[in-house]
2 protein chains.
Amino acid sequence: MTKWVYSFGGGRAEGRADMKNLLGGKGANLAEMSNLGIPVPPGFTITTEVCTYYYDNGQTYPETLKTEVLEALAHVEATLGKKFGDTSDPLLVSVRSGARASMPGMMDTILNLGLNDLSVEGLAKKSGDPRFAYDSYRRFIQMYSNVVLEIGLHNFEEILEAHKHAHNIKLDTDVAADDWKKLVGLYKDKVKEKLGRPFPQDVHEQLWGAVGAVFGSWMNARAITYRRLHDIPGSWGTAVSVQAMVFGNMGNDCSTGVCFSRNPSTGENAFYGEFLVNAQGEDVVAGIRTPQQITNIGKAAQNSELPSMEEVMPEVFRELNAIRFKLEGHYKDMQDMEFTVQQNRLWMLQTRTGKRTTSAALRIAVEMAREGLITRKEAVKRIDPSALDQLLHPTLDPKAKRTVLSKGLPASPGAASGKVVFSAEDAETWVNDRKEKVILVRIETSPEDIGGMHVAEGILTTRGGMTSHAAVVARGMGTPCVAGAGEFRVDYAARLLKVGSTTVKEGEVITLDGSTGEVFLGAVPTIQPEMTGDFATLMEWVDTIRTLKVRANAETPLDAATARKFGAEGIGLCRTEHMFFDPKRIIAMREMILAETEAGRRTALAKLLPYQRQDFADLFTIMQGLPVTIRLLDPPLHEFLPQKDDEIDEVAKAAGVDASVVRARSAALHETNPMLGHRGCRLGITYPEIYEMQARAIFEAAVQVNRETGRTVVPEVMIPLIGTKKELDMLATSINTVAAEVFKETGQQISYHVGTMIELPRAALLAGEIAETAEFFSFGTNDLTQTTFGMSRDDSGPFIEVYRAKGIYDADPFASLDQVGVGELIRIAAERGRATRPSLKLGICGEHGGDPSSIRFCQGAGLDYVSCSPFRVPIARLAAAQAALGGEGGSGTK
Amino acid sequence: MTKWVYSFGGGRAEGRADMKNLLGGKGANLAEMSNLGIPVPPGFTITTEVCTYYYDNGQTYPETLKTEVLEALAHVEATLGKKFGDTSDPLLVSVRSGARASMPGMMDTILNLGLNDLSVEGLAKKSGDPRFAYDSYRRFIQMYSNVVLEIGLHNFEEILEAHKHAHNIKLDTDVAADDWKKLVGLYKDKVKEKLGRPFPQDVHEQLWGAVGAVFGSWMNARAITYRRLHDIPGSWGTAVSVQAMVFGNMGNDCSTGVCFSRNPSTGENAFYGEFLVNAQGEDVVAGIRTPQQITNIGKAAQNSELPSMEEVMPEVFRELNAIRFKLEGHYKDMQDMEFTVQQNRLWMLQTRTGKRTTSAALRIAVEMAREGLITRKEAVKRIDPSALDQLLHPTLDPKAKRTVLSKGLPASPGAASGKVVFSAEDAETWVNDRKEKVILVRIETSPEDIGGMHVAEGILTTRGGMTSHAAVVARGMGTPCVAGAGEFRVDYAARLLKVGSTTVKEGEVITLDGSTGEVFLGAVPTIQPEMTGDFATLMEWVDTIRTLKVRANAETPLDAATARKFGAEGIGLCRTEHMFFDPKRIIAMREMILAETEAGRRTALAKLLPYQRQDFADLFTIMQGLPVTIRLLDPPLHEFLPQKDDEIDEVAKAAGVDASVVRARSAALHETNPMLGHRGCRLGITYPEIYEMQARAIFEAAVQVNRETGRTVVPEVMIPLIGTKKELDMLATSINTVAAEVFKETGQQISYHVGTMIELPRAALLAGEIAETAEFFSFGTNDLTQTTFGMSRDDSGPFIEVYRAKGIYDADPFASLDQVGVGELIRIAAERGRATRPSLKLGICGEHGGDPSSIRFCQGAGLDYVSCSPFRVPIARLAAAQAALGGEGGSGTK
């Protein structure tokens, strides 16, 4: 016969922690504590199977449920020596819902159930506090009426307010016992008026009403929506936990509090917590009274004048401290506990894994591993990789005062202050010439702004999403960025930034928090990150576990050095186009684009060659023999041409042509869908001389660095946007020809690899053929996502949030890899590529390379490495280690 | 032992027509004719295996080759009673290369081989014509020196010119026998000078030199490139055919000519051909002398004053006519034959399937089937579906005079004349108010121009490719269009069209030939198509064979009626957006876009509803119960907003807002990559009211037409750009809700289907899930090609031609389906979709739906129907029948 009810309390329980599916999270945890011999107010849990039965059988209960509940209730009564509904010393209970996963939309708690016109008198007498008893009763009526009888709270609030007004009472605390008693009468009248029958006096009727309300709430609209959005099946059902009430507000031998087994801010292995004497749980949360520290050390640290629990309740403190060790030892993690002391008796109401700051999480994990409480692997699994980000960037001093101006998207983490400038040119001038620190403020940024973005302390844009140009570039640079802060209005002409009634002028200081998206007026002090100690220790453990290599996307010496500092094992993506925006180079680049003949282009490219060679030589030198993957020119040429009139004139002058020529060329290069246009290897096919120059720069630099440093440099030449094998064949042949020329000229031969991005669905499908030529694949998941979804990163802003709100996308597919769609193409390409060439090296270099769930996917798909922005390298290392340890499967957009 | 040499001639042959791989096309065909007992100058073929041996063995020949060649030569000598190298009656031979497939870049023919200083005298004596003999000799020296000895032709031409100049000779025909003799001496001197040794006098040395040159040419650069581009393996090799020379220029009992077994222009079953007495093959081709007709009927038809062969060589004519029947009967197709008569003896030099006009092809196929020569299925296989196009559109009168202005792309077939106008508005005014016929000339067209495009006789654009807006829309309308005619300069302000030194003013007449891309000054008379007779007969046969249904892409009543006339079995794609550009509707459409609230949008949509309902009612009525697939709104909303200042003002006025509001909305809707932007079902998700209005219009119209006509109307509602199942679920639910409302309101229930376009790679991959909801898939191969290749139709112009020229694409993937890439996604989607829902209806509605090779693919992939523009329906029907009959596999871009 199915067991529908599980008892707990009194040092034993019928359930266990691993019975969450049956008892819900709350019920299972209460059972577990009981089994550990920890004092828990006794109670029982009605299983989730009852909920399923209830809905499968026309909202009726199993036959034997009533008997089982009565038996369980009798066990509670016996344990406490009180009777449910008793008129002299009544047992009061709380009723709570509890699903497998915490679920908003489910029924709130009902407290103090079991009070009626008679038992309230018993409670008054027994507690010696009629005010407490009637206050408890009116709270119960209010709560029960709202949740079970569906009589809105405002009905009762109006009565209370009217009473307070009539009696000139200001605060609830000034309402006396008699007032509460009168109010209870008025409340009951209101219930009768609304309901057509009196407030239930039968405590069993009360109990079954509450149980029914819990099960009913499982199918309310909010809960259904929540489940649909989170893919929680309706068949899971909810449990109901009924538990004896204990009170921390029955006198000065009572108290209530919360405590942590270790310090949740610092992670220090020290007991930490707060409590209030003669108070209820809400009072601690509400913050009306200043809480007292649990320990003497805590008291000293807080400079508190109030006595600690260690002082005022030494016995209870000792008991609580023992429970702290017991629970942490049992759960093997830092615990967040709630307790109530009723008349000097300690009751534990809840324990759960405590939330903590990232630095605390690191310290706790490392120390627990050292203490032998957990293994190093477990320690590694404990840290949320994404949370590491806050350790790698400056953060706002939490104690500093701040004036929030507005909020945008947290596009690139870290905090920074600086003077507002409105153009990339100004940023460069102010920083280089005037030695100012600046925040670059733009409506949106474009590749032309790259110089200014590099020198700025932070970047603020008023348009664009998490994957806008500003966001992507800023993350790559590790520069704090708030993007798409749409409440701001930028007035370029007047050099003003407006939000609401506030106006910020050029040169005024603002502060950005790129981790929260907040923008502050003035300078807010920041705290610099440290990457030593526990962080370094954990990362050492991480590196012994992971099998995926981690590289960085980097093109400047600074990026490359940062990448090395963060533990990158090579460069997975060097975007050569970023190298052409330097003022000295952009002129030659534009000259190349404006040239009408191959000879003209070659002349201009010859001017770029020494710069490119030096770029690569620098990277090879910094990377000290680690692999460097260089992607040949990718963006359409029009991105390099100026848009503004004065710039057009300048370019025309430099090129010795009329401005109309520049405009005409710009118009001719205009594209309707540049993402799908004349770019990537299509440039290499139509203008072979461009890739030839880049290949020459790569091989000359490799030979040079090899000679200078004696280290082996093995460049990986990567061709973007391949869609057919023939493209790759043609370009690989040309690269091999250049290599042979350089080796002949220099008399030195070096190893190198030619490979391709897989960023088009066709390339993924034809990977078997393409791998005949390609020595490596790097999945360009940004473009692969764009093409697989037929969705532009730049243009998805207006609907992607609607898609997420409506539950069509679980996650932004540009941030977290779509494993079922884009992922299938990656798996197909990996399989077919490796079938042709078993030694094929596979990596990923899109934004997803730094996303933990995407990294887990990469591990599963058999990739060799992930490549991400330098500042995400530690995150990727940790995520890779966790992926190697297995665990939860990935997610995907359905 | 391998046989290396195959003899033919004298009424027998060692080879056969099906031995093309071994003997090459030419050798196999000569063998076949010999076997048929047809007089063929005897000869032999050295097999392709010798070529392979030659390259596998350091350019040496198999041991036994020499013996086999000598034996074969002896057979030729015996057959003709002449000796190779004989000084009194020499056997002369031609040497030709011959691969499996005709291959440019291979060695040219060498004629008259076997002549030397002695045999030339024998030839002179035997023929009684020393001039003929020495002319033949000098031609041989020239040809052999050029091809085998690599001495440029110019060397000999200079000598000839100098001689003619010195002797004041104008024409080659005035060069006398003695002159040729002298020249032969000078030619030989030049050879000796260049070569360091004399011109070979040993005829066997001549023969082996020529054979070596043929094999050598197999590996020359041009041949290698050609093979690479056409995927012909080098291992195939070439054969060498050596054949006895016969001469049609040895006197008046000699002649040479070409003839066809049926008339290649009309297809009439009448012997047709031309010949010249005492002439060489080149003379017929060169057109210096007027050829004579073969038959008396031909003579009468041509009003020729020259005697026919039937008259002057009645015996030979009878023999030739008998061969005509024999060869046509044998090959079962109209033959194109070459012959030479030497001293009253008929020799057949070649027979091959004759080229013919499309109307001739139709007549021949239908008549041959009626004659029982071929089956109806074979008749259907004989017609090139693409060629049908010229029968469906007006064509230029071939006899009419014309002045070509320039040439663009043949974007939409047919010919048309009209007065030049430069804007869509002008086109409408001129046609509607002034009753003029116009040609709309634009740099490029946009959806706003649709009204003017509809009324124009033809459309000319100076920018854009075969899949530009103008081209796609024109093909859909069946309007002739020349696109991307880049030599023209359009001056909108001055209303001028310029090309070279010619200027065409507004109102001047031009003529377009959309089948060739030519643009003519003035009016060129056209011929209207007829679709009766043989055409109708063949299409009847076609429809009994094919299994694929053929639908049309149509949205206007005119399109739908045309589609029916051409045999469409339903509408596969009704693009509802085209319906909103009508001036009466565009205002409401823009009002909808400018509305800031859902209520505002609903008000505007309510105005559009009656129009949409009438649109659909018209289509349902015309289609008489055939299926009609209606695609809900697809393009991004900014396409409906005006760009020009005066239009913006107009819209602002109509909407009662400031022009700045219109501009701001336009700017807000601007997209970087509109193809990948806020369009398709993304509009349906963000603005559900739009699709709700469209669904209502569909169901109300279906109910109305059902009531009015009594016919069952089963609308197919198609949702574009689906990428995830949830999108489709949400929108299908909304459509079902609207349907239920309409059925309730009208008291009538009708059947309908909800399905989706598969036009994104993700949709193809997730087809199994999507088919849980979708009742049909229609492959939108335009967008699927764009996303699979990551290539925009609009932007691929600048590189796609380079790609084709470099052999990266065999065909434009937007015109002919990429079967290995895009095709794999279609196969995946079809398989996964049908696995979920076996009854899933599958169709294709991209431009590829009218492309024969793509249709063959669709048959193979198990699709139910193809849908194409109305004017391509007959082509698709024929291609579908051919696909059902099987045959050649498809092509694909590698």
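For the structure, check the block above.
Residues numbered from 1 in each chain as written. Chains lettered and ligands numbered in written order. Predicted model: local features only at pLDDT ≥ 70, side-chain atom pairs only at ≥ 80, totals over all residues. Heavy atoms only, no water.

(A) Looking closely at the interface of chain B and chain A. With 50 residues of chain B at the interface, the matching set in chain A holds 50 residues. When the two sides are added together, the surface that chain B and chain A hide from each other amounts to roughly 4600 Å², 58% of it contributed by carbon and sulfur. Here Arg832(A) ties to Glu824(B) by a salt bridge, and the two come within 2.6 Å at their closest N and O atoms. Summed over the shared surface of chain B and chain A, the result is 24 residue pairs in polar contact (both at pLDDT 80 or more). Put simply, the parts of the chain that give the side of chain B that touches chain A at least two residues each are α26 (681-686), α28 (725-746), α29 (761-765), α31 (781-789), α32 (797-805) and α33 (822-836) of chain B. (Contact = heavy atoms within 4.5 Å. Buried area = accessible area lost by both parts, 1.4 Å probe. Salt bridge = Lys/Arg side-chain N within 4 Å of Asp/Glu carboxyl O. Polar contact = N/O pair within 3.5 Å; in protein donor to acceptor, adjacent residues only side chain to side chain. Helix = DSSP H or I, 4+ residues; strand = E, 2+ residues; numbered from the N terminus.)

(B) Inspection of the relation of the copies chain B and chain A at higher detail. Least-squares fitting of chain B to chain A yields an RMSD of 0.4 Å, with the transformation described by 0.1 Å of translation along the axis and a rotation of 179°. The symmetry that links the two subunits is that of a two-fold axis. Considering only C-alpha atoms, the residue of chain B closest to the rotation axis is Asn673(B), which sits at 2.1 Å. Most of the interface of chain B is mirrored in chain A, where 100% of its interface residues are also at the interface. (Least-squares fit on C-alpha atoms with pLDDT ≥ 70 in both.)

(C) Region of the structure containing the environment of Met791(A). With respect to the helices, strands and loops of the structure, Met791(A) is situated in the loop between α31 (781-789) and α32 (797-805). Judged by relative accessible area, Met791(A) falls into the buried class, the value being 0%. Expressed as a C-alpha distance, the spacing of Met791(A) and Phe814(A), which sit 23 residues apart in the sequence, is 9.9 Å. Those residues in contact with Met791(A), other than ones at most four positions away along the chain, are Gln786(A), Ser796(A), Phe799(A), Ile800(A), Tyr809(A), Pro813(A), Phe814(A), Leu676(B) and Arg682(B). (Buried < 20%, exposed > 50% of the residue type's maximum accessible area, 1.4 Å probe, protein only.)

(D) Looking closely at the sheet that holds strand β20 (residues 489-491) of chain A. Residues and elements named next belong to chain A. The strand order β20-β21-β22 describes an open sheet built from 3 strands, whose pairing is antiparallel. Looking at the sheet topology across the chains shown, the edges are occupied by β20 and β22 (502-505). Direction aside, neighbouring strands of the sheet carry axes that sit 20° apart on average. Sheet analysis places β20 next to strand β21 (residues 496-499), joined by 3 bridges and oriented antiparallel. By the bridge assignment, Asp 491 is partnered in β21 with Leu 496. (Pairing = 2+ DSSP bridges. Axes fitted to C-alpha atoms, helices over the stretch in contact; angles between N-to-C directions.)

(E) How the structure looks around the pattern of salt bridges. Residues and elements named next belong to chain A. Under the counting rule described, the total for this entry stands at 107 salt bridges over all chains. Between Lys 299 and Glu 311 there is a salt bridge; the shortest N-O distance is 3.2 Å. Of this pair, Lys 299 sits in helix α11 (residues 296-301) while Glu 311 sits in helix α12 (residues 309-312), placing them 12 residues apart in sequence. For Lys 299, a relative accessible area of 21% corresponds to the partly exposed category. For Glu 311, a relative accessible area of 39% corresponds to the partly exposed category. Note that Arg 546 and Glu 569 form a salt bridge whose closest N and O atoms lie 2.9 Å from each other.

(F) Molecular detail of the packing of helix α21 (residues 557-565) of chain B against helix α23 (residues 598-623) of chain B. All names here are of chain B. Two numbers describe how α21 lies on α23: the axes approach to 9 Å, and their chain directions differ by 15°. Our classification of the angle between α21 and α23 gives roughly parallel. Of the two possible hands of crossing, α21 and α23 adopt the one that is right-handed. For the pair α21 and α23, the contacting residues are Pro 557, Ala 560, Ala 561 and Arg 564 in the first and Asp 618, Leu 619, Ile 622 and Met 623 in the second. Of the residues belonging to the contact of α21 with α23, the class tally is 6 nonpolar, no polar and 2 charged. (Parallel < 35°, antiparallel > 145°, perpendicular 65-115°, else oblique. Left-handed = near helix turned anticlockwise from the far one by under 90°. Nonpolar A, V, L, I, M, F, W, Y, C, P; charged D, E, K, R; others polar.)

(G) Quick peek at the nonpolar core. Counting residues in each nonpolar core, the largest one holds 304 residues, and the members touching the most others are Phe699(A) and Phe699(B). Not counting residues up to four positions away in its chain, the partners in contact with Phe699(A) are Val717(A), Ile735(A), Val738(A), Ala739(A), Val742(A), Phe743(A), Ile750(A) and Tyr752(A). (Core = buried A, V, L, I, M, F, W, Y, C linked by side-chain atoms within 4.5 Å.)

(H) Region of the structure containing the packing of α31(A) against helix α33 (residues 822-836) of chain A. All names here are of chain A. Running from N to C, α31 and α33 point in directions that differ by 115°, and their axes come no closer than 9 Å. Between α31 and α33 the crossing geometry is right-handed. For the pair α31 and α33, the contacting residues are Thr 781, Leu 784, Thr 785, Thr 788 and Phe 789 in the first and Val 822, Leu 825 and Ile 826 in the second. For the contact of α31 with α33, the class distribution of residues is 5 nonpolar, 3 polar and no charged.

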